[in-house]
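What the coordinates show
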Amino acid sequence: MRIAVAKEIEVCERRVALIPDTVAKLVKQGLEVWVEAGAGERAFFSDAAYEAAGAKVICDTATLWREADILVKVSPPQERENGRSEIDLLKEGSVLISFLNPLGNPSTAQQLAERKITALSMEMIPRTTRAQSMDALSSQASIAGYKAVLIGAAALPKYFPMLTTAAGTIAPAKVFVMGAGVAGLQAIATARRLGAIVEAFDIRPAVKEEVQSLGAKFVEIKLEEETTAAGGYAKEISEASKQKTQEVVAEHIKNADVVITTAQVPGKKAPLLVTEEMVAQMKAGSVIVDIAAEQGGNCACTEPGKDIIWNGVTIIGPINLPSSMPVHSSQLYSKNIASLMQLLIKDKALEVNFADDIIDAACITHAGEIRNQRVSDALKALAMANS
């Protein structure tokens, strides 16, 4: 059983799928681990560290991909400089474990099925107690929420905490967090540690206690529809509910010094939470950090990957925030991957057991077929849109 760790080629990706500590544990279990040369460099893990952990460092990319029984990586497969897809480098019947964005880009699943790859998508890990150690979306979202607040604090031309000095008292900054999932809760906790007054909003009323336990005020809006989807994620709501929500949150946005937006719906454009009219009402010098920028943004003024000033308000649309903290994001992701592999490898042999609810949910392609209904539906919708 040979496990291979690929070097990420996406420009903004600094994470690595397995860190040396995790590799050492796998090697102790009798597994062979290959690591592509330089795979951990941007996360500050050297080839020498992997060799010391018992891995074999491979310089030839094609050999590493072709000889892997299980290949692990972070970003979805990309096209290489020669125009060839990384998917074509995999041997038929091998296993790929990675973020795959199967609902946002289902054509990747189609390519994997055609190559007869058993693909496990880290986005599709179910949100259950048993799967917590494998939940990469949560581990990486926590980092994004933390870093978003630091970015907001650095951009704000004010202190975050209240300060009493000989020159007078400085009032604490007001932070409004929109979305109280993992990223939002970490943003709340971080902003509170920095001394800000924090308010938070989420369409799911069930998160109220979690928000309050972190010392923030929960902005509650009663909606006449179900707002929680399967797995605990926020559900896309009706236009009427969106309108009602925007009317209530507008005043909180207007009074905030920093707004952190985190709302995302898997496989769909991020919901619009902050309109141009709301931004126009904000104080000059205020800051918006839009974590959902990669999915189109929660703010109407967001430009993904850019910092802009709109009517005196700084709007930041960061891309791939977890990658900006590659040491700890790689450490957490590595643990997620290793935990998942414990379900796949029995007595040093691969065992894809679909009776296991985690494997069943995460595996999107197997034996030449797309086996996840949501991914199949997304692929059909894409084909109709392109026809």
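Structure's up top.
Summarised in this report is the structure supplied together with it. (Residues numbered from 1 in each chain as written. Predicted model: local features only at pLDDT ≥ 70, side-chain atom pairs only at ≥ 80, totals over all residues. Heavy atoms only, no water.)

Turning to the pairing of strand E18 (residues 363–366), a few remarks are in order. Consecutive side chains along a regular strand alternate between the two faces of the sheet. Bridging between strand E6 (residues 118–121) and E18 involves 2 bridges; their strand directions are antiparallel. Across the sheet, residue Ala 119 finds its bridge partner in E18, namely Thr 365. Between E18 and strand E19 (residues 369–370), which pair antiparallel one after the other, the connecting turn spans 2 residues, and Ala 367 there sits at a positive phi close to 55 degrees. (Pairing = 2+ DSSP bridges. Helix = DSSP H or I, 4+ residues; strand = E, 2+ residues; numbered from the N terminus.)

Side chains that are three or four residues apart share a direction in an α-helix, a result of its 3.6 residues per turn. Counted at 1.5 Å a residue, the expected span for helix H6 (residues 182–193) with its 12 residues is 16 Å, and the 17 Å between its end C-alpha atoms agrees. As for H6, its buried residues are in contact with helix H5 (136–155), strand E9 (174–178), strand E10 (197–201), helix H7 (208–213) and strand E12 (258–261). At the C-terminal side of H6, Gly 195 shows a positive phi close to 95 degrees. (Expected span 1.5 Å × (residues − 1). Contact = heavy atoms within 4.5 Å.)

What follows concerns the sheet that holds E10. With mixed pairing, the 7 strands of this open sheet are ordered in space as E11-E10-E9-E12-E13-E15-E14. Edge positions in the sheet fall to strand E11 (217–219) and strand E14 (307–310), since each has one partner strand and no second. On average, adjacent strands in this sheet sit at an angle of 20 degrees to one another, irrespective of strand direction. Across 4 bridges, the pairing between E14 and strand E15 (residues 313–316) is antiparallel. Directly across from Ile 309, in E15, lies its bridge partner Thr 314. (Axes fitted to C-alpha atoms, helices over the stretch in contact; angles between N-to-C directions.)

Here we come to the packing of H5 against H6. At a minimum axis distance of 7 Å, the contact between H5 and H6 shows a crossing angle of 40 degrees. Judged by the inter-axis angle, H5 sits oblique to H6. Note on packing geometry: the crossing formed by H5 with H6 is right-handed. In this structure, H5 contributes Ser 138, Ala 141, Ser 142, Gly 145, Tyr 146, Val 149 and Leu 150 to the contact, and H6 contributes Val 182, Ala 183, Gln 186, Ala 187, Thr 190 and Ala 191. Split into classes, the residues belonging to the contact of H5 with H6 amount to 8 nonpolar, 5 polar and no charged. (Parallel < 35°, antiparallel > 145°, perpendicular 65-115°, else oblique. Left-handed = near helix turned anticlockwise from the far one by under 90°. Nonpolar A, V, L, I, M, F, W, Y, C, P; charged D, E, K, R; others polar.)

A separate point is the environment of Thr 61. Its place among the elements puts Thr 61 in helix H3 (residues 61–67). Separated by 54 residues in sequence, Thr 61 and Lys 7 have C-alpha atoms that sit 8.5 Å apart. When residues no more than four places from it in sequence are discounted, the contact partners of Thr 61 are Glu 36, Arg 80 and Leu 89.

Counting residues in each nonpolar core, the largest one holds 41 residues, and the members touching the most others are Leu 18, Val 72, Ile 97, Leu 120, Leu 340 and Met 341. Mapped onto this core, the elements with two or more residues apiece are strand E1 (2–5), helix H1 (20–28), strand E2 (32–36), strand E4 (70–72), strand E5 (95–98), helix H10 (326–344) and helix H11 (357–362). Top element by residues in this core is H10. It accounts for 6 residues. Once residues lying within four places of it in the same chain are set aside, the contact partners of Val 72 are Ala 4, Val 5, Ala 6, Ala 17, Leu 18, Ile 97, Ile 337 and Met 341. The next biggest cluster of nonpolar side chains, apart from the first, holds 28 residues, and it includes Ala 173, Ala 180, Val 207 and Ile 291. (Core = buried A, V, L, I, M, F, W, Y, C linked by side-chain atoms within 4.5 Å. Buried < 20%, exposed > 50% of the residue type's maximum accessible area, 1.4 Å probe, protein only.)

Located in the positive-phi region is Asn 101, a residue other than glycine, with phi close to 45 degrees. As for its position among the elements, Asn 101 is in the loop between E5 and helix H4 (107–114). The partly exposed category is assigned to Asn 101, whose relative accessible area is 36%. Even without being a glycine, Asp 347 presents a positive backbone phi close to 55 degrees. Turning to its location among the elements, Asp 347 is positioned in the loop between strand E16 (345–346) and strand E17 (349–350). For Asp 347, a relative accessible area of 80% puts it in the exposed group.

You can see Phe 354 is positioned in the loop between E17 and H11. On the basis of relative accessible area, Phe 354 is assigned to the partly exposed category, the value being 26%.

Let's shift gears to the pattern of salt bridges. As enumerated under the stated definition, the model contains 17 salt bridges in all. With a shortest N-O distance of 3.1 Å, Asp 69 and Lys 91 are connected by a salt bridge. Of this pair, Asp 69 sits in the loop between H3 and E4 while Lys 91 sits in the loop between E4 and E5, placing them 22 residues apart in sequence. Owing to a relative accessible area of 23%, Asp 69 belongs among the partly exposed residues under this scheme. The network of salt bridges with shared partners includes Arg 2, Glu 32, Arg 66 and Glu 67. (Salt bridge = Lys/Arg side-chain N within 4 Å of Asp/Glu carboxyl O.)

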